[in-house]
Amino acid sequence: MRASRLLSILMLLQLRGRLTAADLAAEFEVSERTIYRDIDALSAAGVPVYGDRGPGGGFELLDGYRTRLTGLSAGEAEAMAMIGLPGPAAELGIGAATSAARNKLLVALPGGGGALADRMAARFHLDAVDWYRGGEALPHLPAIARAVLDGRLLSMRYESWQGVRDWTVEPLGLVLKAGIWYLAARGGGKIRIFRIANIDDLVAGDTPFERPADFHLSSWWQAEQARFEAELFATRATLRASPDGCKRLAAQSPRGAEAVAGAGVSAADGWREMTMQVEDSDHGARDMLALGAEVEVLAPESFRCRISALASAIAVRHG
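What counts and how
- Residues numbered from 1 in each chain as written.
- Predicted model: local features only at pLDDT ≥ 70, side-chain atom pairs only at ≥ 80, totals over all residues.
- Heavy atoms only, no water.
- Helix = DSSP H or I, 4+ residues; strand = E, 2+ residues; numbered from the N terminus.
- Polar contact = N/O pair within 3.5 Å; in protein donor to acceptor, adjacent residues only side chain to side chain.
- Contact = heavy atoms within 4.5 Å.
- 1 Å grid on protein atoms, 1.4 Å probe; cavity = no way out; pocket = protein on both sides within 12 Å on 5 of 7 lines; lining within 4 Å.
- Points joined across faces, edges and corners; volume = space filled by probe spheres on them.
- Nonpolar A, V, L, I, M, F, W, Y, C, P; charged D, E, K, R; others polar.
- Salt bridge = Lys/Arg side-chain N within 4 Å of Asp/Glu carboxyl O.
- Buried < 20%, exposed > 50% of the residue type's maximum accessible area, 1.4 Å probe, protein only.
- Pairing = 2+ DSSP bridges.
- Axes fitted to C-alpha atoms, helices over the stretch in contact; angles between N-to-C directions.
- Phe/Tyr/Trp six-rings, centres within 6.5 Å; stacked < 30°, edge-to-face > 60°.
- Lys NZ or Arg CZ within 6 Å of the ring centre and 35° of its normal.
- Parallel < 35°, antiparallel > 145°, perpendicular 65-115°, else oblique.
- Left-handed = near helix turned anticlockwise from the far one by under 90°.

**Things to note about the side chain of Ser242**
Right, so step 1: Turning to its location among the elements, Ser242 is positioned in the loop between strand 8 (235–241) and helix 10 (243–252).
Right, so step 2: Only 2.5 Å separates the side chain of Ser242 from the side chain of Glu294, close enough to count as a polar contact.
Right, so step 3: Beyond its immediate chain neighbours, meaning those up to four positions away, Ser242 contacts Trp271 and Glu294.

**Observations concerning empty space enclosed by the protein**
One way to see where empty space is left: roll a probe the size of a water molecule over the atoms.
Right, so step 1: Applying the stated rule across the entire model yields 1 cavity of 30 Å³ or more.
Right, so step 2: Taken as a whole, the largest cavity encloses approximately 50 Å³ of empty space.
Right, so step 3: Lining the largest cavity are Phe233, Gln252, Arg255, Met276, Val278, Glu279, Gly284, Asp287 and Met288.
Right, so step 4: If you list the elements that add at least two residues to the lining of the largest cavity, you get strand 9 (272–278) and helix 12 (282–289).
Right, so step 5: Looking at which element gives the most residues to the lining of the largest cavity, the answer is helix 12, with 3 residues.
Right, so step 6: Partitioning the lining of the largest cavity into residue classes produces 4 nonpolar, 2 polar and 3 charged.

**A word on the pattern of salt bridges**
Right, so step 1: A complete count under the given rule lists 13 salt bridges for this structure.
Right, so step 2: The residue Arg227 makes a salt bridge to Glu224 at a minimum N-O spacing of 2.6 Å. Here Arg227 pairs with Glu224, and both are found in helix 9 (residues 217–232), just 3 residues apart, close to one helical turn.
Right, so step 3: Measuring nitrogen to oxygen at the nearest pair gives 3.2 Å for the salt bridge that ties Glu296 to Arg304.
Right, so step 4: Here Glu296 falls in the partly exposed class, since its relative accessible area comes to 27%.
Right, so step 5: Residue class for Arg304 comes out partly exposed when judged on its relative accessible area of 31%.

**Observations regarding the sheet that holds strand 9**
Right, so step 1: The antiparallel open sheet is built from 3 strands, whose spatial order is 9-8-10. Since the sheet does not close on itself, it has two edges, and those belong to strand 9 and strand 10 (295–299), each with one partner. Averaged over all adjacent pairs, the angle separating strand axes in this sheet is 35°, with direction ignored.
Right, so step 2: Relative to strand 9, strand 8 runs antiparallel, the two being bridged by 7 bridges. Its bridge partner lying in strand 9, Thr238 is registered against Thr275.

**Let's talk about the packing of aromatic side chains**
The relative placement of two aromatic rings is captured by the distance of their centres and the angle of their planes.
Right, so step 1: For the structure shown, the criterion picks out 6 aromatic pairs.
Right, so step 2: These aromatic residues form a ring-pair network of at least three members: Tyr182, Phe215, Trp220 and Trp221.
Right, so step 3: Directly above the ring of Trp167 sits Arg165, whose terminal nitrogen or CZ lies 3.7 Å from the centroid.
Right, so step 4: A cation over an aromatic ring shows up here: Arg255 above the ring of Phe233, its NZ or CZ 3.7 Å from the ring centre.

**So, the packing of helix 1 (residues 2–16) against helix 2 (residues 21–28)**
Right, so step 1: For the pair helix 1 and helix 2, the least separation of the axes is 12 Å and the interaxial angle reads 125°. Our classification of the angle between helix 1 and helix 2 gives oblique. Of the two elements, helix 1 crosses helix 2, and the hand of that crossing is right-handed. Facing helix 1, whose interface residues are Arg5, Ser8, Ile9, Leu12 and Arg16, helix 2 presents Leu24, Glu27 and Phe28.
Right, so step 2: Grouping the constituent residues of the contact of helix 1 with helix 2 by class yields 4 nonpolar, 1 polar and 3 charged.

Everything listed is a geometric property; what it means functionally is a separate question.
See the structure below:
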């Protein structure tokens, strides 16, 4: 543990230049006294690190000193794919390994990579969570990620719209979709999708399983997403919308934007008629109600009646 910290301190000094004992203590979550001992150990090993006391002081490497001790540990190698995603990496429990791997890669670049890292960080930022929604509580995510990497069975209690059920599954992969984590796992004879936030209890066992040789997470997820959307939005509705309604509909979803793009010419009152794939359920009807009186559903009659019934209930409630 200490050897890893000493190497990480060396990498940080090479990347960032001067750092105080307080900076390093906060970075590695140790005391400043521990940092002073670590600096003494580096000096004793022949690393030309020196320190200045007082305001503006800190530790720094001798000008021109470079190290090539950039070998990645097993954990850091696993975390490579999460470089540039500090939030998701921390949720998976590999934030420290990801940071260490990133520093080692930057050190290996010409000039140490510090300037490049600063330039990229100042110009690009990835925020995976949708607007107006905070992150979910995910206490089991690090254990699930470890089971995915190690190929070990998981036992869990899962709550879905069908109720609560106990599962023993083979965890195959994790997907972050619009700020929400999902587990792809084989259970009950098929590969299923589980939302991580809906897992109530979890036990990560030591029993290994054989991963399907033909399973590829990204292609499977894309196919599953296409299948789900095709089943969910199976109703073809005929709508008419005002100019403002067209703008709202196009902004509501990709399906709405596609419907507006293929809409007919404007009538005398400016309204346009179009067709759109919708979810023929209370959820789909609520999506239409969110557009107010700027959109009217013409068909099918079942969907139109569902919207009318919900609108009537709202009117009664607020009457």
